[in-house]
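# Observations on chain architecture
Each chain, letter by letter, is given below.
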Amino acid sequence: MYEKDGEKYFVVDGHVHYWDGSPENQANIHGKQFIDCFYGYHSALSPEEYLWPEDKFQKYSEEDLMHDLFEIGYVDVAIFQPTYLEDFYVNGFNTTARNAILKEKYPDKFVLPGRFDPRDGEPGLEAFEEMVEQYDLKGVKLYTAEWNGQSKGYSLKDEWAKRYLEKCEELGVKNIHVHKGPTITPLNKDAFDVADVDEAASLFPNLNFIVEHVGLPRLEDFCWIAVQEANVYAGMAVAMPFIYSRPRYFAQIIGELLYWLDEDRILFASDYAIWQPKWLVEMFVDFQIPEDMQGEYGTLTPDIKRKILGLNAANLYDLDVPSEVPQPDAVAAGAEDNYPEAPIR
Amino acid sequence: MKPTEAEVLGALSGVRDPELDEPITDLKFVAGLRVAEDAVDVRLRLPTPFCAPNFAYLMVADAKEAVLSVPGVRSARVVLDDHHASPEINAGMVEDRGFEGTFPGETEGESLDELRAIFRRKSFVSRQEKLCRALLAGGYTSKELAEMRLEEVPVSEAFEKYLSRREELGLDVSAEAPFVVDPDGNQIPEEAVVEHLRFAKLTRLSIEGNAGFCRGLLATRYGIEDPEEATP
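Residues numbered from 1 in each chain as written. Chains lettered and ligands numbered in written order. Predicted model: local features only at pLDDT ≥ 70, side-chain atom pairs only at ≥ 80, totals over all residues.

### As for the overall build of chain A
Heads up, the rule is: Helix and strand definitions here come from DSSP, where helices need a minimum of 4 consecutive H or I residues and strands a minimum of 2 consecutive E residues; each element is numbered from the N-terminal end. Put simply, the radius of gyration uses C-alpha atoms, and a globule should come to 2.2 Å times the residue count raised to 0.38. With C-beta atoms placed from the backbone, a residue is labelled by how many other C-beta atoms lie within 10 Å of its own: buried for 20 or more, exposed for 12 or fewer, partly exposed between the two.
When its secondary structure is counted, chain A shows 13 helices and 10 strands. Relative to the compact-globule value of 20 Å for 345 residues, chain A shows a C-alpha radius of gyration of 19 Å, a close match. Projected onto its principal axes, the C-alpha coordinates of chain A cover approximately 55 × 40 × 40 Å. When the 345 residues of chain A are sorted by exposure, 54% land in the buried category.

Okay, structure coming up:
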């Protein structure tokens, strides 16, 4: 719970990790490059006082995580996103099984999504069903760019992906977190292309598709889909930290999302341990659209921030929100009546 | 005639990151350059080891072609540093294997043309929006934009860039051609101009935001200065 200027905010961090990227767990050079890449994100976009040394970043402790999220980070509930990467790491990077240890220990603090890989076919489907039962899963995180033997990625349009999504519907796994990233076959196509989410979201109107990092760097394609599919949501992981390093850019992203999607379909996320919820929550609650952009984007009210910070995710996962936190009905989002008000610097 | 470093750099400045729509020289992707008589060595670097290998390949291949286009250059070696696909791409370059031959079994169809075309369209849409936005802020109405012909657009650096992108797409760049068109060259009707620009703005934000992100990552990775560093 975060409180500022008399306003209370229930905080759901929609995207946190408990990974092991240490040299001991790296299976090959790609395991090293992958955690190096994350460390680059961390170093490039964090305020200096939140920078970690590389070895801590590669593998942090349960105490670090509990402290950063819940003791100082204002997070009420965190959604534990798995990232398997078993081709890069001996024991996987951040598996559901590893997350489940903490979920079991602190059941009220975490939501535990699972994962499937459509390339695992029929045997995978059975294993997935067992996993859903074992952990009582309500969501999955899919990483379409994940390597699997010879394959460098998959598409949600694949026949087997549809089979798995049917299974999700059948089992009540209703929240599908989709993460896009580089390297996907065929290599001569756009690896970040979110078009496959469009087809899946139309085919499965009862499932919610949360596109992590709002489809960046393909924001326009993401918004195009989200306008048409009411069950597509914007996950703010990776977009959030721009609030510090490029606040005007952040204002435009949030302004566009409010215009194209509305305030009910945007979910706060830190992507911990890449970034820490403490500064992101503090800065977001203090954030306002710069004055010269308000003609185009309107302003952010505490109600809009409350929804983004926690209420929207609480709805998706049926989380109990304390009664002291106001739960507003639909509120007016950014207006954008006067395109374009002024050239953006 | 011996090629100079400046000539080679000039040629390299014509190579763009297709996704970020900026020259690789401005992006500081050129990490090293050596001109020895008629042989040129170029080293390229990218913001992360996981930058998409297809774009990486495009830039390396374009850089090699650009260097070879400089008068007096007889051989060019372009090497990509520190990337997860560096071994494949660098070996592919030496043997001129082409993209398909560099990543056998990992591509579909023959070339990267389709991918390049997608990003050329995005670049055009983004440049047009940026220009229209400046014109609207300068007092033009959306009705005036809708009726404008290319010869009526005030000349500026942004307009020159816009024209070059437009030409790249193979669209009409004659004086009488309508100004506000979609990437297929169809004129946008007056009543649709604002909606068209609103959506086009998203494309521009994606490109500009991504470019900013990548600059920051490169600066962090190689300990160089980021011109857009945070000023909190």
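Picking up after the structure, the text goes on.
### A short note on the nonpolar core
Stated precisely, the cut-off is as follows: Working definition: the nonpolar core is a set of buried Ala, Val, Leu, Ile, Met, Phe, Trp, Tyr and Cys residues, joined through C-beta atoms within 7 Å. Just so you know, the domain bounds were taken from an automatic or database domain assignment. Any residue pair is listed as a contact if its two C-beta atoms, each placed from the backbone, are within 7 Å.
With 156 residues, the main nonpolar core has A:V211, B:A56, B:V60, B:A63 and B:V67 as its most contacted residues. Sort the elements by how many residues they give to this core and helix 2 (residues 53-68) of chain B lands first, with 10 residues. Each of two domains, domain 1 (5-111) and domain 2 (114-219) of chain B, supplies a minimum of three residues to this core. What B:V60 contacts, discounting residues up to four positions off in sequence, is B:L44, B:V78, B:L80, B:I89 and B:M93. Of all hydrophobic cores here, the second largest spans 14 residues; its members include B:C132, B:L136, B:I188 and B:V193.

### Details of the packing of helix 1 (residues 29-45) of chain A against helix 8 (residues 193-222) of chain B
Spelled out, the test is: Geometry is summarised by axes, namely lines fitted to C-alpha atoms with helices restricted to the contacting stretch, and by angles between N-to-C directions that run from 0 to 180 degrees. Orientation is classified from the angle alone, with under 35 degrees giving roughly parallel, over 145 giving roughly antiparallel, 65 to 115 giving roughly perpendicular, and any other angle giving oblique. Basically, the charged four are Asp, Glu, Lys and Arg, the nonpolar ten are Ala, Val, Leu, Ile, Met, Phe, Trp, Tyr, Cys and Pro, and anything else, Gly included, counts as polar.
Contact pair helix 1 of chain A / helix 8 of chain B: the axes reach a minimum separation of 9 Å and the direction vectors enclose 105°. Viewed along their axes, helix 1 of chain A and helix 8 of chain B adopt a mutual orientation that is roughly perpendicular. Along its contact with helix 1 of chain A, which presents A:G40, A:S43, A:A44 and A:L45, the element helix 8 of chain B presents B:G216, B:L217, B:T220 and B:R221. Classifying every residue of the contact of helix 1 of chain A with helix 8 of chain B gives three nonpolar, four polar and one charged.

### A short note on helix 1 (residues 5-12) of chain B
This is how it is decided: Directions pointing from the helix axis toward each C-beta atom define the arc.
Among the residues of helix 1 of chain B, B:V8, B:A11 and B:L12 are the ones counted as buried. All buried residues of helix 1 of chain B lie within an arc of 100° about the axis, which places them on one face of the element.

### Some remarks on the sheet that holds strand 4 (residues 39-44) of chain B
Two modes of strand pairing occur in sheets, parallel and antiparallel, and in both the strands are linked by backbone hydrogen bonds. All names here are of chain B. The line we're drawing: When DSSP finds two or more bridges between a pair of strands, those strands are recorded as paired.
Ordered by their spatial adjacency, three strands build an open sheet running 3-4-5, and the pairing between neighbours is mixed. The two strands at the open ends of the sheet, each matched to only one other strand, are strand 3 (30-36) and strand 5 (75-80). For this sheet, the mean angle separating the axes of adjacent strands, direction not counted, is 10°. As defined by bridge partners, strand 4 adjoins strand 5 across six bridges and the pair is classed as parallel. Each bridged residue has a counterpart across the sheet, and for R43 the counterpart in strand 5 is V79. Here helix 1 sits on the sheet and contacts strand 3 and strand 4; the angle it forms with strand 3, its principal contact strand, is near 135°. Lying on the sheet, helix 2 is in contact with strand 4 and strand 5; it crosses strand 5 at an angle near 160°.

### A few points about helix 5 (residues 121-135) of chain A
Residues and elements named next belong to chain A. We apply this condition: A helix is expected to reach a length of 1.5 Å times the quantity of its residues less one.
For helix 5, which comprises 15 residues, the first-to-last C-alpha distance of 21 Å matches the rise-based estimate of 21 Å (1.5 Å per residue) to within 8%. Taken as a whole, helix 5 has its buried residues at F128, M131 and V132. All buried residues of helix 5 project into a common sector of 100° when viewed along the axis, lining one side. More than 90 degrees from the buried face of helix 5, the exposed residues found are E122, P123, E126, E130, E133 and Q134. Check the buried side of helix 5 and you find it contacts helix 4 (96-105) and helix 6 (159-171). D136 sits one or two positions beyond helix 5 and adopts a positive phi of about 55°.

### So, the domain arrangement of chain B
Residue and element names in this part refer to chain B. What the domain assignment lists for chain B is domain 1 (5-111) and domain 2 (114-219). Just the C-alpha atoms count here: the centres of domain 1 and domain 2 sit 28 Å apart. Across the contact, 11 residues belong to domain 1 and 12 residues belong to domain 2. Considering only residue class, the side of domain 1 that touches domain 2 consists of five nonpolar, two polar and four charged.

### What about the pairing of strand 6 (residues 139-143) of chain A?
Residues and elements named next belong to chain A. Extensive coverage of strand 6 is indicated by the burial of five of its five residues. In strand 6, alternate side chains face the same way, and those of G139, K141 and Y143 on one face and V140 and L142 on the other are all buried. In the sheet, strand 6 pairs with strand 7 (residues 175-179) via five bridges, with the strands oriented parallel. The partner of G139 across the bridge, within strand 7, is N175.

### Details of the sheet that holds strand 5 (residues 110-111) of chain A
All names here are of chain A. An order of 3-4-5 is seen for the three strands of this open sheet, with the pairing classed as parallel. Only two strands of the sheet have a single partner each, and these edge strands are strand 3 (12-16) and strand 5. Pairing geometry for strand 4 (residues 77-80) and strand 5, over two bridges, is parallel. Its bridge partner being in strand 5, A78 is matched across the sheet by F110.

### Structural notes on the confidence of the model for chain B
All names here are of chain B. Convention followed: Per-residue confidence from the predictor is reported as pLDDT, which spans 0 to 100.
Looking at chain B, the pLDDT average stands at 93 and 97% of residues meet or exceed 70. When the elements of chain B are averaged for pLDDT, helix 4 (residues 98-102) gives the smallest value, 92, and strand 4 the largest, 98. Across the interface, the model reports ipTM at 0.90; the global pTM reads 0.92.

### A closer look at the confidence of the model for chain A
Residue and element names in this part refer to chain A. Put simply, chain A has an average pLDDT of 92, and 95% of its residues get 70 or more. Within the model, pLDDT remains below 50 along residues 332-337, and this stretch shows 15 contacts once partners closer than five positions in the same chain are excluded. Here residues 341-345 is modelled with pLDDT under 50, and outside its nearest four sequence neighbours on either side it reaches nine contacts, counting other chains as well.

### Re the interface of chain A and chain B
Contacts between the two partners involve 36 residues from chain A, matched on the other side by 41 residues from chain B. Of all the secondary structure elements, the ones that give two or more residues to the side of chain A that touches chain B are helix 1, helix 8 (219-228), helix 9 (242-245) and helix 10 (247-260) of chain A. With nine residues, the top contributor of residues to the side of chain A that touches chain B is helix 1 of chain A. Here the side of chain A that touches chain B is composed, by residue class, of 19 nonpolar, nine polar and eight charged.

### A look at unusual backbone geometry
All names here are of chain A. Each neighbour pair has its own omega, and for L216 with P217 the value is 5°, a cis peptide bond. The backbone of V238 shows a phi angle near 75°, a positive value even though the residue is not glycine. Its location among the elements puts V238 in the loop between strand 9 (232-235) and helix 9. Of note in the backbone geometry, D271 takes a positive phi value of approximately 65° without being a glycine. Locating D271 in the fold gives a position in the loop between strand 10 (266-267) and helix 11 (277-286). On the basis of neighbour count, D271 is assigned to the buried category, with 27 C-beta atoms found within 10 Å.

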